[in-house]
Amino acid sequence: MDPKALLDSLDVGVAVLARDWTVEDWSATATRLTGLAPERVQGQSFWTVFPTAKGTHVEQALAEVLADGAPRSVLFPARSGDFEGVIFDTHVSRTPRGQLVLEFRQVREELSPESRAAQILMAFEAERRLYHQMFDTLPSPALVVVVDGSILESNPAAVALLAATDARALRGRNLAEWAPAAQRGALLAALRDGVHKPQQVRLGIEVGGDQVAEVDGVITNVDPGRSAAKLLFLAVDVSREVLLQRKLLQSDRLAQLGALVSGVAHELNNPLAAIAAFAELLAVDATSPQLRESAEVIHAEADRAGRIVRTLLDFARQRPHSRQPIDLRDAVERVVALERSALKKARVHLSTDIPDHLPDPVGDQQELQQVLLNGIVNAIQAIDAGGKPGKILIWARRAEGYVSIFIDDTGPGVPPELLERAFDPFFTTKGEQGTGLGLAISLGLVKQMGGRMFLVNVEGAGARLGIELPAAEAPSTPAAPERLRSAQRALSVLLVEDEPSVRRGLELMARRLGHTVEVAADYAEAEKRLEPRRARYDVMLIDIHLDEHHTGFDLFEQLRLEGRGRERRVVFTTGDSMSATTRDALRVSERPVLRKPFNLEELREVLERVA
C-alpha cells in the first residue's frame with residue numbers, strides 16, 4: 001500500500017517535521033482536524049504554522065524528543081480556521097533520520113481530569129498570557145468594551161490616548177465620556193451594531209474640553225458565542241494624517257502658484273528689461289529736465305516691478321539655505337511691495353522705523369522675507385477682522401548680540417489663553433481660512449537661522465510679533481547711487497537675445513557705454529557670427545533661453561569644445577526663475593549671470609570684469 005495513502009487513512013492527523021522544524025508531510029486527517037490545507041503547511045516552519053506554540057511547553061517537549069529520542073505526549077491548542085480553542089492530544093516520536101513525527105487527535109470531554117488537567121491548564125494559561133501580551137504590546141490604542149460603552153480592558157496605548165494614569169483607572173468608565181457630544185450617539189449606535197457586524201467610526205477624542213486627537217476606530221465582537229458580547233475597539237490616531245493632508249494640499253497649492261509665477265516671470269521680466277533699458281537711456285541722454293524726469297519715473301517703476309517679480313521668484317523657487325548678513329531695509333521693502341494692494345483693501349497704514357546704523361541681521365534673506373510676509377499678512381487679517389482702519393509698524397532695534405525686529409498691529413490682539421499655543425503646528429483661530437502652519441513654519445525658519453521668536457499683546461495697541469536674529473559684526477553702509485561712468489575701453493560685444501525689444505534695448509545700452517555690438521536673434525545666427533576663426537569678441541552676452549530647441553548652455557558648450565578659450569568670454573542673461581538644473585549648469589560653467597532687468601552700471605561692471 002502506498003505510504004501516503006496509508007497515512008491519509010489513519011484516524012489521527014500526522015505531521016512529519018525535519019530537524020530544522022520544516023513541515024515535510026501533512027496528512028489528509030491533519031487537514032481535516034486543523035482546517036489547514038497541505039499547500040499552506042508543507043515547506044513552512046512548524047512555528048509559522050502554529051505560532052502560539054513557540055516558547056511554551058510544546059516547544060520544550062518537541063525539543064526534548066529531538067534531543068533524546070524518547071517519545072512523549074503533549075497537549076496544545078489549535079488557533080486555525082474553525083478549530084480555534086480545540087485541544088490536540090499529540091504523540092511525538094523521532095525517526096532514525098532525526099525527523100519528528102507528530103500524531104494528534106482532537107480531544108474534548110474524554111480528557112481524564114486526573115492525567116490531563118494540569119496540561120490543559122498549562123495550555124490555556126499559555127494562551128492567556130500570549131494574548132494578553134499581544135494586547136498590551138499593540139502600538140495602536142485598543143479597548144475591550146461592552147455594548148453600552150463601558151470599558152473592561154485597555155492597553156497602554158489607549159491609556160495614553162485617554163490621558164489616564166493606568167488601565168485600572170479606565171475600568172468601568174464609559175468610552176463616550178471622551179467623545180464630543182455631537183458624536184456620542186453615533187458611537188453608541190456603532191457599538192450596538194458591532195455585536196453582529198464589524199463597524200468603522202471616525203471619532204474625536206476630548207480631554208479636559210480640548211480635542212487632542214482624531215481616530216479611526218474599528219469595532220468587532222471578539223466573543224460572539226456569548227450573550228454578553230465583548231467588543232474590541234481598535235483605534236488608529238489619524239490626527240497627523242488629517243493635518244498632513246491639509247498641509248500637503250496647501251503645499252500643492254503653493255507648488256502650483258510657484259510654477260505659475262516661474263512661468264510668468266520670463267514673460268514679465270523681458271518686457272521690463274526693455275522698458276528699463278530704454279527709460280535709462282532716455283534719462284541719460286535727455287535734452288530737457290522734464291524729459292529726464294519722465295524717463296527716470298519710467299525706469300524707477302520698471303525697476304520696482306522687476307524687484308517685485310524677483311521677490312515672487314524668491315518665494316517660488318527652491319534654493320539651498322544660506323547664512324549671511326541681510327539688508328533688513330531691502331527685505332522689508334520687498335515684502336511690503338507684495339502686500340500694497342492688501343494693505344489698501346484692509347485700510348491699513350504701514351510704516352517702518354529701521355535705524356540707518358543698525359547692524360545687519362545674519363540669516364537667509366529669502367527665509368526672513370517669508371517670516372516677515374507671514375507676520376504682515378497675519379497683522380492685516382487681524383485688523384481687517386475688526387472692520388476698522390488700523391496701523392502696522394515694522395521697527396527694529398539692536399539688542400546684545402541680536403537684531404530685534406518687531407511687527408506691531410492695532411488689531412484686537414490674541415486671547416491670553418491662546419498665546420502659548422500660537423506657534424503650535426496646525427493651531428489656528430481663523431477657522432477654515434487658516435492652516436495653522438504660518439507661525440509654526442516661521443518659528444522653524446527663525447530657529448534655523450539661530451534666532452528666537454515670540455508673540456505678545458501690547459496694552460492698547462494689539463499684538464506684537466518679535467523676531468530676534470544674530471547681528472553681524474559691523475553695520476552695513478548704504479551704497480550711494482553711482483553716476484553713469486563710461487567704459488574704461490571700447491569692447492567688441494556679441495549679443496545673443498531672442499526678444500527683439502530686449503535685444504535692441506541691450507544693444508543700445510552697450511553702445512551707450514562705448515562698445516561695438518553685433519547681435520544675433522537665435523542659436524543659428526549666433527553660430528554664423530562665431531563660425532569664422534577670425535571672429536573674436538571681448539564679451540558674449542547670451543540669453544539662457546534662446547528657442548524651443550536650444551539654450552545658451554548649448555552655445556557655451558560648443559565654444560568650450562572648440563578649445564580656443566572663447567567660452568571664458570561668456571556672460572549669461574536671464575529673466576526667468578532658475579531651476580535646479582539651470583543653477584547646476586551655471587555652477588559648472590563658472591560664468592556670471594545678469595538678471596533682467598539690469599541697469600547701465602551693472603552692465604558696465606560685468607563687461608569690464610569679463611573682458
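Residue positions within a chain follow its written sequence, with the count starting from 1. With the structure being a predicted model, the display of local features is reserved for residues of pLDDT at least 70 and the display and counting of side-chain atom pairs for 80 or more, all residues being used for whole-chain, interface and lining totals. Calculation of side-chain values draws on the structure's entire complement of heavy atoms; hydrogens and water are dropped beforehand.

### Some points on the overall build of the protein chain
Put simply, the rule is: Numbering of helices and strands runs from the N terminus; a helix is a DSSP stretch of H or I covering at least four residues, while a strand is a stretch of E covering at least two. Residue contacts follow a heavy-atom distance rule, with two residues in contact if any of their heavy atoms lie within 4.5 Å. The Shrake-Rupley method, run with a 1.4 Å probe, gives the accessible areas here. Residue values count only the displayed protein chains as cover.
Looking only at helices and strands, the protein chain features 20 helices and 22 strands. Taking as baseline every contact in the protein chain between residues at least 6 positions apart, the subset at least 24 positions apart corresponds to 59%. Carbon and sulfur atoms provide 52% of the accessible area of the protein chain, an area that totals close to 32,400 Å².

### Some details on the environment of alanine 18
Going by this rule: Exposed residues in this analysis have more than 50% of their type's maximum accessible area, buried residues have under 20%, and partly exposed residues fall in between, with area computed by a 1.4 Å probe over protein chains only.
Along the chain, alanine 18 turns up in the loop between β1 (13-17) and β2 (23-26). You can call alanine 18 buried: its relative accessible area is 12%. Once the C-alpha coordinates of alanine 18 and glycine 98 are considered, the two residues, 80 residues apart in sequence, prove to be 7.4 Å apart.

### Points about the side chain of serine 404
Note that serine 404 resides in strand β15 (residues 402-409). We classify serine 404 as buried; its relative accessible area is 5%. With near-sequence residues (within four places) excluded, serine 404 lies in contact with Trp395, Ala396, Arg397, Ala399, Ile467 and Glu468.

### Some thoughts on unusual backbone geometry
Note the cis peptide between lysine 596 and proline 597, where omega equals -10 degrees. The residue proline 597 is located in the loop between β22 (593-595) and α20 (600-610) in this model. Phi is positive for alanine 163, close to 55 degrees, though the residue is something other than glycine. Looking at the element boundaries, alanine 163 is found in the loop between α7 (156-161) and α8 (167-170). For arginine 347, which is not a glycine, the phi torsion comes out positive at approximately 55 degrees. Positionally, arginine 347 belongs in the loop between α13 (340-345) and β12 (348-353).

### Some remarks on the packing of aromatic side chains
Each aromatic ring pair is characterised by the separation of its centres together with the angle its planes make. Stated precisely, the cut-off is as follows: Note on aromatic contacts: the rings of Phe and Tyr and the six-membered ring of Trp form a pair at centre separations within 6.5 Å, being stacked when their planes are under 30 degrees apart, edge-to-face when over 60 apart, and tilted otherwise. For a lysine, the NZ atom is tested; for an arginine, the CZ atom; a charge sits over a ring if that atom is within 6 Å of the ring centre and within 35 degrees of the ring normal.
For the structure shown, the criterion picks out six aromatic pairs. With centroids separated by 6.0 Å and ring planes inclined at 40 degrees, the aromatic side chains of tryptophan 26 and phenylalanine 104 adopt a geometry described as tilted. Here tryptophan 26 is found in strand β2, whereas its partner phenylalanine 104 is found in strand β5 (residues 100-107), with 78 residues between them in sequence. Members of the aromatic cluster, each reached through a chain of ring pairs, are Trp26, Phe88 and Phe104. In this structure, arginine 464 packs its charged tip against the face of phenylalanine 406, placed 5.7 Å from the ring centre.

### Considerations on the nonpolar core
This is how the line gets drawn: Buried Ala, Val, Leu, Ile, Met, Phe, Trp, Tyr and Cys residues form a nonpolar core when they are joined through side-chain atoms within 4.5 Å.
Leu328, Leu372, Ile392 and Met453 are the most contacted members of the largest nonpolar core, which totals 39 residues. For this core, the secondary-structure elements that each account for two or more residues are α12 (328-338), β12, α14 (365-385), β14 (390-399), β15, α15 (438-448), β16 (452-458) and β17 (462-475). Per-element accounting of this core gives the leading share, eight residues, to α14. With sequence-adjacent residues up to four places away left out, isoleucine 392 is seen in contact with Leu343, Val348, His349, Leu350, Ser351, Ile376, Ala379, Ile380, Ile383, Ile407, Asp408 and Asp409. Among the nonpolar cores identified, the runner-up in size contains 25 residues, and Leu17, Leu33, Phe46 and Leu102 belong to it.

### Brief notes about the pattern of salt bridges
Rules: Each salt bridge in this description consists of a side-chain nitrogen of Lys or Arg and a carboxyl oxygen of Asp or Glu lying within 4 Å of one another.
Under the criterion given, the structure shown has 24 salt bridges. For arginine 334, the salt bridge identified is with aspartate 330, shortest N-O distance 3.1 Å. On the criterion of helical spacing, the pair formed by arginine 334 and aspartate 330 is a turn pair, its members being four residues apart in helix α12. Aspartate 330 matches arginine 334 in its accessibility class, with the two residues each being buried. Each of Glu64, Asp68 and Arg72 takes part in salt bridges that share partners, so that together they form one network.

### Structural notes on the packing of helix α17 (residues 523-530) against helix α18 (residues 552-562)
Convention followed: Axis definition: a line fit to C-alpha positions, over the contact stretch in the case of helices; interaxial angles, taken between N-to-C directions, run 0 to 180 degrees. By definition in this entry, angles of less than 35 degrees are roughly parallel, angles greater than 145 are roughly antiparallel, angles of 65 to 115 are roughly perpendicular, and the rest are oblique. Definitions for this section: a left-handed crossing has its near helix turned counterclockwise from the far helix by less than a right angle. A right-handed crossing has that turn clockwise. Any residue outside Ala, Val, Leu, Ile, Met, Phe, Trp, Tyr, Cys, Pro, Asp, Glu, Lys and Arg is labelled polar, Gly included; the first ten of those are nonpolar and the last four are charged.
Packing of α17 against α18 leaves a shortest axis separation of 11 Å and a crossing angle of 25 degrees. For the element pair α17 / α18, the angle class is roughly parallel. In this structure, α17 meets α18 at a crossing whose hand is right-handed. Across the interface between the two elements, Tyr523, Ala526, Glu527 and Leu530 of α17 pack against Asp554, Leu555, Gln558 and Leu559 of α18. By residue class, the composition of the contact of α17 with α18 is five nonpolar, one polar and two charged.

### Examining the sheet that holds β22
Note the threshold: At least two DSSP bridges between two strands are needed for those strands to be called paired.
Ordered in space as β19-β18-β20-β21-β22, the five strands form an open sheet in which the pairing is parallel. Two strands bound the open sheet, and with one partner strand each, they are β19 (516-520) and β22. When strand polarity is set aside, the average angle formed by the axes of neighbouring strands in this sheet is 20 degrees. Where strand β21 (residues 570-574) lies against β22, three bridges are found, and the strand directions are parallel. The partner of phenylalanine 572 across the bridge, within β22, is valine 593. Packed on one face of the sheet, helix α16 (residues 500-512) meets β18 (492-496) and β19 and runs near 165 degrees to β19. Docked against the sheet, α20 engages β20 (539-543), β21 and β22, running at close to 125 degrees with respect to β20.

### Things to note about the environment of phenylalanine 556
Mapping phenylalanine 556 onto the fold places it in helix α18. Considered as a pair, phenylalanine 556 and isoleucine 544 are 12 residues apart in the sequence and their alpha carbons are 9.9 Å apart.

### So, the packing of α12 against α14
At a closest axis distance of 9 Å, the pairing of α12 and α14 adopts a crossing angle of 50 degrees. With respect to α14, the axis of α12 lies oblique. Every pair of crossing elements has a handedness; the one defined by α12 and α14 is right-handed. Every residue of α14 that contacts α12 at Leu328, Asp330, Ala331, Val332, Arg334, Val335 and Val336 is listed here: Gln365, Leu368, Gln369, Leu372, Leu373 and Ile376.

### Points about the confidence of the model for the protein chain
Close inspection of predicted coordinates is inappropriate for parts of the model with low pLDDT. To keep it simple, the criterion reads: Confidence scores labelled pLDDT are given residue by residue by the predictor and lie between 0 and 100.
Looking at the protein chain as a whole, the pLDDT averages 81, with 81% of positions reaching at least 70. Of all the helices and strands in the protein chain, helix α6 (residues 113-137) carries the lowest mean pLDDT, 65, while β15 carries the highest, 93. The low-confidence segment residues 79-85, where pLDDT is below 50, has 17 contacts with residues more than four positions distant or belonging to other chains.

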